[in-house]
Amino acid sequence: MSRIAYVNGRFVPHGQAAVHVEDRGYQFADGVYEVWAVLGGRLADAAGHFERLERSLTELLIVPPMGRPSLEVVLKETARRNRVREGLVYLQITRGVAPRDHAFPRPGTPPSVVCTAHSLDRAASDARAERGAAVITVPETRWSRCDIKSVALLPNVLAKQQARAAGAVEAWFVDDLGLVTEGASSNAWIIDKQGRVRTRDTQANILRGITRKTLLSVMAREGLKVEERPFTVEEALEAREAFITGAGTLLLPIVSINGKQVGDGAVGPVAKRLRRLYIEEARRTAL
Ligand SMILES: Cc1ncc(COP(=O)(O)O)c(C=O)c1O
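Residues numbered from 1 in each chain as written. Predicted model: local features only at pLDDT ≥ 70, side-chain atom pairs only at ≥ 80, totals over all residues. Heavy atoms only, no water.

1. Structural notes on the packing of helix 6 (residues 210–221) against helix 8 (residues 269–285)
To characterise two packed helices, one gives the angle between the axes of the helices and the distance between these axes.
Move 1: Helix 8 packs onto helix 6 with a crossing angle of 105° between their chain directions and a minimal axis gap of 10 Å. Classified by the interaxial angle, the pair formed by helix 6 and helix 8 is roughly perpendicular. Facing helix 6, whose interface residues are Thr211, Thr214, Leu215, Val218, Met219 and Arg221, helix 8 presents Leu274, Leu277, Tyr278, Glu281 and Arg284.
Move 2: Here the contact of helix 6 with helix 8 is composed, by residue class, of six nonpolar, two polar and three charged. (Axes fitted to C-alpha atoms, helices over the stretch in contact; angles between N-to-C directions. Helix = DSSP H or I, 4+ residues; strand = E, 2+ residues; numbered from the N terminus. Parallel < 35°, antiparallel > 145°, perpendicular 65-115°, else oblique. Contact = heavy atoms within 4.5 Å. Nonpolar A, V, L, I, M, F, W, Y, C, P; charged D, E, K, R; others polar.)

As structure tokens, this is what we get:
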């Protein structure tokens, strides 16, 4: 089946989908993005991702190109035209096309909007979640506004490549104090040696993950305690369990860090249960 992309108001064959060379996303990484998991053909955690998108745009003073209902149509239509039942929808909005100048273009320059979608093999993801995955750690080198979901992802790209080369799925950034901030494209969690579920607080310089947010509300509903408190790499290595969350992986148990096993090196019961609870909730509430 041929893939279709949405580019500035038109659905076009993926191979011909293009933006101008002077698009500010291309030249300055001057734009934001969002990623929705598609579960059963519907958008997971839809409202949370829309809210964060609107916030990212506001923080960068990019005027939203369209309202939420229209964006929703674009996302769903992109998923539908690509026959995505299980997968991801990617949306990118940049400050638009203008002669290259660092300062903003003239007011009224239309933002560029691109949307793509692709299918994921959930059976393969489930199998990976059963086995557990590996992470490595890398020094935190990012800017101080990681709360904005900006397309400027070079440190994340380099970190992820380092992880890939080491046979790991993710790289965890570690700040100057030795505390884990988050993954290159996910939030980081442990079940510490006392059995407490822990993840970094959102006062820290991290992306406020929407999967993280939904999981916190599911845990609250289930009466499961969680501490939004930083942890060191050593604490993660001594932990009983670890996992990551994000629209791409949903919730993926982590069984090794820098080649050393977490707990007994097997996927633990808490991560397994939380994955099931999160996916049930996300499927139930998908839009
Ligand atoms: C740096 C970073 N942290 C966390 C996440 C997880 O966020 P979400 O759960 O909203 O997908 C992502 C997702 O892409 C990310 O890029």
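2. Overview of helix 8
Move 1: Helix length check: helix 8 (17 residues) gives 24 Å between terminal C-alpha atoms against 24 Å at 1.5 Å per residue, within 8%.
Move 2: Within helix 8 the residues assigned to the buried category are Ala271, Leu274, Arg275, Leu277, Tyr278, Ile279, Glu281 and Ala282.
Move 3: The inward-facing, buried residues of helix 8 contact strand 3 (31–39), helix 4 (122–131), strand 10 (187–191), helix 6, strand 13 (241–246) and strand 14 (250–257). (Expected span 1.5 Å × (residues − 1). Buried < 20%, exposed > 50% of the residue type's maximum accessible area, 1.4 Å probe, protein only.)

3. Thoughts on helix 6
An α-helical segment advances 3.6 residues per turn. Residues three or four places apart therefore align on the same side.
Move 1: The end-to-end C-alpha separation of helix 6 is 17 Å, in line with the 16 Å expected for twelve residues at 1.5 Å each.
Move 2: Burial in helix 6 covers these residues: Ile210, Thr211, Arg212, Thr214, Leu215, Leu216, Val218 and Met219.
Move 3: A positive phi of about 75° marks Gly223, the residue just after helix 6.

4. Here's the deal with the site of the ligand
Move 1: The ligand sits among 19 residues. The nearest are Arg52, Glu182, Ile210, Thr211 and Ala247.
Move 2: For the ligand, an oxygen atom lies 2.8 Å from a polar atom in the backbone of Ala247.
Move 3: Tallied by class, residues from the shell around the ligand come to five nonpolar, ten polar and four charged. (Near = heavy atom within 4 Å. Polar contact = N/O pair within 3.5 Å; in protein donor to acceptor, adjacent residues only side chain to side chain.)

5. Some remarks on unusual backbone geometry
What you tend to see is this: most non-glycine residues have negative phi, and most peptide bonds are trans.
Move 1: Positive phi is not limited to glycine here, since Ala29 has a value of about 55°.
Move 2: As for its placement among the helices and strands, Ala29 is situated in the loop between helix 1 (24–28) and strand 3.
Move 3: Of note in the backbone geometry, Leu61 takes a positive phi value of approximately 55° without being a glycine.
Move 4: On the secondary structure map, Leu61 appears in the loop between helix 2 (46–59) and helix 3 (68–81).

That is the geometry; function is a separate question.
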